[in-house]
Amino acid sequence: MTLLARIQISLPERFSFSTEIPIYINHINYGNHLDNSALLSLVSEARVRFFKAFGYTELNVEGLGIIVADAAVQYRSEAFHGEVLVFDMAADDFNKYGCDLIWRITEKASGREVARGKTGIRHHQKLDLERHPEKAQATHRKLRAKDRPLTNDFVTDDEFTALLAAWFGNAARALRP
C-alpha cells in the first residue's frame, strides 16, 4: 500500500492580520460540519478583508489588480454551525510575479486549529498577456471608443518589470508582519 504525501504548510512566527467570521448554516455539508468548498469561500472573504485593512482592494494593490493563482489547504479539525472562526493572515515569499498569503484558521472559543493554508497571489497583467499574447501587439487601426485599450493598458517589458518591483516592494513593506 502506498501512502499519499500530505501537504505540509509552515506558519510564520506571527501574522499581520486577523479577522473573525461565523459559520452559517449554508457553510455546512451533509456530514454536519464545515464544507471544504465553504472553507475556501471563507478564506476568500478573509483575503478581501486582509487587503482592505491595508488600504487595498483585489483590483488595486499599488495600482495593479491581482488574481488567485493557486491554493493549498491542510485540514486540522472539523468546524460546526454557530462557531466563530478566527482567520490569521500574513504575506510571504514575494517574487516578481506575486506572493503567498499564509493563513491559519482557529475556532475562537476553544482555540482549536481548523485549517491552515496558503494562497498564491499573482499580478493580473502578466497572466492576461500569457493567455492573450495578441494584447501585447500595437494597434494601428481605428477602434470604436469601447474597443480602445485603457490608458496604460499595456507597458513594455522593462516598464512592467519596474512596476512589479515597485508594486511588490510597496506591498511587501505594507503586508509583512
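Below you will find a few notes about this structure.

Analysis parameters
- Residues numbered from 1 in each chain as written.
- Predicted model: local features only at pLDDT ≥ 70, side-chain atom pairs only at ≥ 80, totals over all residues.
- Heavy atoms only, no water.
- Helix = DSSP H or I, 4+ residues; strand = E, 2+ residues; numbered from the N terminus.
- Polar contact = N/O pair within 3.5 Å; in protein donor to acceptor, adjacent residues only side chain to side chain.
- Contact = heavy atoms within 4.5 Å.
- Buried < 20%, exposed > 50% of the residue type's maximum accessible area, 1.4 Å probe, protein only.
- Pairing = 2+ DSSP bridges.

Our focus in this paragraph is the side chain of Asp88. If you trace the backbone, Asp88 turns up in strand E3 (residues 84-92). A polar side-chain atom of Asp88 sits 2.9 Å from a polar atom in the side chain of Ser18. Once you skip the residues sitting within four places of it in the chain, Asp88 turns out to touch Phe15, Phe17, Ser18, Ile102, Trp103 and Arg104.

On a regular strand, one side chain projects to one face of the sheet and the next to the other, so that they alternate. A large share of strand E5 (residues 113-123) lies buried, amounting to ten of its eleven residues. Pairing of strand E2 (residues 66-75) with E5 involves nine bridges; the strand directions are antiparallel. Following the sheet pairing, Val68 is matched in E5 by Ile121. Pairing analysis gives nine bridges linking strand E4 (residues 98-107) to E5, with the strands arranged antiparallel. Note on E5: the bridge partner recorded for Gly98 is Arg122. The hairpin turn running from E4 into E5, its antiparallel successor, is five residues long, and Gly111 in that turn takes a positive phi close to 80 degrees.

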